[in-house]
Amino acid sequence: MSTVQIGVIGTGSISSLHLDAYKNNKEAHIYAVCDLNEERARAAAEKYGAEKVYTDYRELLADPVVQAVSICTWNNTHAEISIAAVEAGKHVLVEKPLCRTVEEALNVQRAVEASGKILQVGFVRRYDTNAQLLKSLANEGEFGEIYYAKATAIRRLGNPGGWFSDIERSGGGPLIDIGVHVIDLCWYMMGRPKPVSVSANTYRKLGNRSNVEHLSFYQAADYDASKNTIEDMANAMIRFENGASLMVDASFTLHAKKDEMFVRLYGDKGGMEIDPETVIVTEKNNTIVNILPQTDHAGFHFQSAFQNEINHFIENVQNGTKPLSPVEDGVEIMKILCGIYESAASGQEVKL
Ligand SMILES: NC(=O)c1ccc[n+]([C@@H]2O[C@H](COP(=O)([O-])OP(=O)(O)OC[C@H]3O[C@@H](n4cnc5c(N)ncnc54)[C@H](O)[C@@H]3O)[C@@H](O)[C@H]2O)c1
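Residues numbered from 1 in each chain as written. Predicted model: local features only at pLDDT ≥ 70, side-chain atom pairs only at ≥ 80, totals over all residues.

Named according to an unreviewed UniProt entry, the chain is Gfo/Idh/MocA family oxidoreductase originating from Paenibacillus paeoniae. Comment text from UniProt for the chain, heading Sequence similarities (unreviewed entry), reads "Belongs to the Gfo/Idh/MocA family." (UniProt positions renumbered as here; feature names shortened; annotations may be inferred.)

Caption draft 1: Molecular detail of the overall build of the chain. A tally of helices and strands in the chain yields 10 helices and 15 strands. The C-alpha atoms of the chain give 20 Å as radius of gyration, which agrees with the globular expectation for 352 residues (20 Å, within 12%). Along the longest, intermediate and shortest principal axes, the C-alpha atoms of the chain span 60 × 50 × 40 Å. Out of the 352 residues in the chain, the part that is buried amounts to 51%. For the chain, the proportion of contacts with a sequence separation of at least 24, taken over those separated by at least 6, is 74%. (Helix = DSSP H or I, 4+ residues; strand = E, 2+ residues; numbered from the N terminus. Rg over C-alpha atoms; globule rule 2.2 N^0.38 Å. Buried ≥ 20, exposed ≤ 12 C-beta atoms within 10 Å, placed from the backbone. Contact = placed C-beta atoms within 7 Å.)

Caption draft 2: Spatial organisation of the environment of Glu 328. One can find Glu 328 in helix α10 (residues 327–346). A count of 15 C-beta atoms within 10 Å places Glu 328 in the partly exposed class. Along the primary structure Glu 328 and His 297 are separated by 31 residues, whereas in three dimensions their C-alpha atoms are 30 Å apart.

Caption draft 3: Expanded view of the site of the ligand. Taken together, 28 residues sit near the ligand, with Gly 10, Gly 12, Ser 13, Glu 95 and Ala 221 positioned nearest. Across the shell around the ligand, the residue classes tally to 11 nonpolar, 11 polar and six charged. Taken together, domain 1 (4–125 + 305–325) and domain 2 (126–301 + 333–351) each give at least three residues to the shell around the ligand, which thus spans both. (Near = placed C-beta within 6 Å. Nonpolar A, V, L, I, M, F, W, Y, C, P; charged D, E, K, R; others polar. Domains from an automatic or database assignment.)

Caption draft 4: A look at the pairing of strand β2 (residues 28–34). Within β2, six of the seven residues are buried, leaving the element largely enclosed by the surrounding structure. Sheet topology note: the strand β1 (residues 4–9)/β2 ladder contains six bridges and is parallel. By the bridge assignment for β2, Gly 7 is matched with Ala 32. Handedness of the β1-helix α1 (residues 15–24)-β2 crossover: right-handed. (Pairing = 2+ DSSP bridges. Right-handed = clockwise from strand over helix to strand, strands pointing away.)

Caption draft 5: Region of interest: the domain arrangement of the chain. Here the domain parsing of the chain yields domain 1 (4–125 + 305–325) and domain 2 (126–301 + 333–351). Here the C-alpha centroids of domain 1 and domain 2 sit 25 Å apart. With 23 residues of domain 1 at the contact, the number on the domain 2 side is 23 residues. Of all the elements in the fold, those that place two or more residues in the side of domain 1 that touches domain 2 are α5 (102–115) and α9 (302–319). Counting residues per element, the side of domain 1 that touches domain 2 draws most heavily on α9, at four residues. Its residues placed into classes, the side of domain 1 that touches domain 2 shows 10 nonpolar, eight polar and five charged.

Caption draft 6: Quick look at the packing of α1 against α9. Interhelical geometry of α1 versus α9 gives an angle of 65° and a closest axis separation of 9 Å. Along this stretch, α1 crosses α9, giving a crossing that reads as right-handed. Contacts between α1 and α9 pair Leu 17, His 18, Ala 21, Tyr 22 and Asn 24 from the former with Phe 302, Phe 306, Gln 307 and Ile 310 from the latter. Across the contact of α1 with α9, the residue classes break down as six nonpolar, three polar and no charged. (Axes fitted to C-alpha atoms, helices over the stretch in contact; angles between N-to-C directions. Left-handed = near helix turned anticlockwise from the far one by under 90°.)

Caption draft 7: How the structure looks around the nonpolar core. Grouped together as the largest cluster of nonpolar side chains are 101 residues, with contacts concentrated most on Ile 9, Val 92, Val 108, Ile 183, Cys 186, Leu 337 and Ile 340. Broken down by element, this core gets its largest block of residues, 10 residues, from helix α8 (residues 174–189). No fewer than three residues from each of domain 1 (4–125 + 305–325) and domain 2 (126–301 + 333–351) sit in this core. Beyond its immediate stretch of four places on either side in the chain, Cys 186 contacts Ala 149, Ala 151, Leu 246, Val 263 and Leu 265. (Core = buried A, V, L, I, M, F, W, Y, C linked by C-beta atoms within 7 Å.)

Caption draft 8: Fine view of the sheet that holds strand β15 (residues 350–351). On the basis of which strands lie adjacent, the open sheet formed by nine strands has the order β14-β13-β12-β11-β7-β10-β9-β8-β15 and mixed pairing. At either end of the open sheet lies a strand with only one pairing partner, and these are β14 (287–291) and β15. Bridge count for strand β11 (residues 260–267) against strand β12 (residues 271–275) is four bridges, and the pairing is antiparallel. Considered in β12, the bridge of Arg 264 is made with Glu 273.

Caption draft 9: Structural view of the UniProt feature "domain: Gfo/Idh/MocA-like oxidoreductase C-terminal" (unreviewed entry) in the chain. Here, UniProt's "domain: Gfo/Idh/MocA-like oxidoreductase C-terminal" (unreviewed entry) annotation points to residues 135–352. For the annotated span residues 135–352, helix accounts for 29% and strand for 27% of the residues, and the straight-line distance between the end C-alpha atoms is 26 Å.

Caption draft 10: Quick peek at the sheet that holds β2. Strand order in the open sheet made by the six strands is β3-β2-β1-β4-β5-β6, with parallel pairing throughout. The sheet is open, and its two borders are formed by β3 (52–54) and β6 (119–122), each paired with just one other strand. The mean angle between the axes of side-by-side strands here comes to 25°, regardless of whether they run parallel or antiparallel. Note: strand β5 (residues 91–95) against β6, four bridges, orientation parallel.

Caption draft 11: Expanded view of the packing of α8 against α10. Packing of α8 against α10 brings their axes to within 11 Å, and their N-to-C directions diverge by 125°. As judged from the angle between their axes, α8 and α10 are oblique. The hand of the α8/α10 crossing is right-handed. Note on element contacts: α10 touches α8 through Ile 333, Ile 336, Leu 337 and Ile 340, opposite Leu 175, Ile 176, Val 180, Ile 183 and Asp 184. (Parallel < 35°, antiparallel > 145°, perpendicular 65-115°, else oblique.)

Structure, rendered in structure tokens:
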């Protein structure tokens, strides 16, 4: 099979995880990169050996050599670039969140379906080896019916600034940026039940706390703390058609003692923890037992999860197979995220 010619659009902070993984994949060739910031694009091209450098994604998409693209740009451009890419005949791996609104998500879905091209959503947490192990156990019925999940993505200090904190470009704050990962992971593990309602709150109490010293955190490539129009934190209760429920919270800043990331799911035959460490909880001979699977990494491992995600994308492009995280899942997650913001704004439960 011939090597897949790749274009990476957006060469900021997260792009290096995509580029490293493409570089490691023998079936992929990094052919082109693109960024509004030419210097940044040139630096990436030099580091990864890309032949072509673009500052306008439309020109990259018009290049007939490019077969597939990673979209690693601001959230407000995901829908526009995804649609243009599939219409130009390219396969797409788009970073999470799929976009900012349900309307945008449905437009992307329509364009993907009309094009027959692959669009894989970058729900990287699904591609972690431990998540896949737990998913295979869930599929075999190890946990029975999963009826409750609880997830937390709390940063005590970690507003990445720049476009992340400009609601026009991001579509929202910690909920849409990091909450999305844990919501998606729970929903995927639960077997993708249909969400029916959401009751949620968002808070803007602390601002971005850019005054705080001596603690470092993830920052946008163009870090700027002067503008902040997003929530500090969000919490939500999501109900599903099958009676299952998910409680979640996410923050960029909170007076918490430390950062906290956990993902826990509970079924009628057993339970699991995915974060911060993989644990299976079950009952044997009238005794509760906690099982610690022995895998390379006890918890989520960023590099290998990205490698698995990129390898899967390349395989899908080569074989025409459906991604583990297809466009319709991106749409469903956008319905949940937007429902949460709507419920918080209205102070009411929202039916989805
Ligand atoms: N999967 C993950 O764990 C993860 C982690 C961080 C970020 N992300 C996602 O990746 C995306 C990028 O985030 P980041 O942290 O790299 O941001 P960043 O600000 O560091 O980089 C974004 C880059 O995109 C460029 N850009 C914006 N619009 C463009 C356009 N129209 N054409 C070309 N270039 C454009 C910017 O100039 C910038 O260099 C976001 O959607 C974010 O949600 C995912």
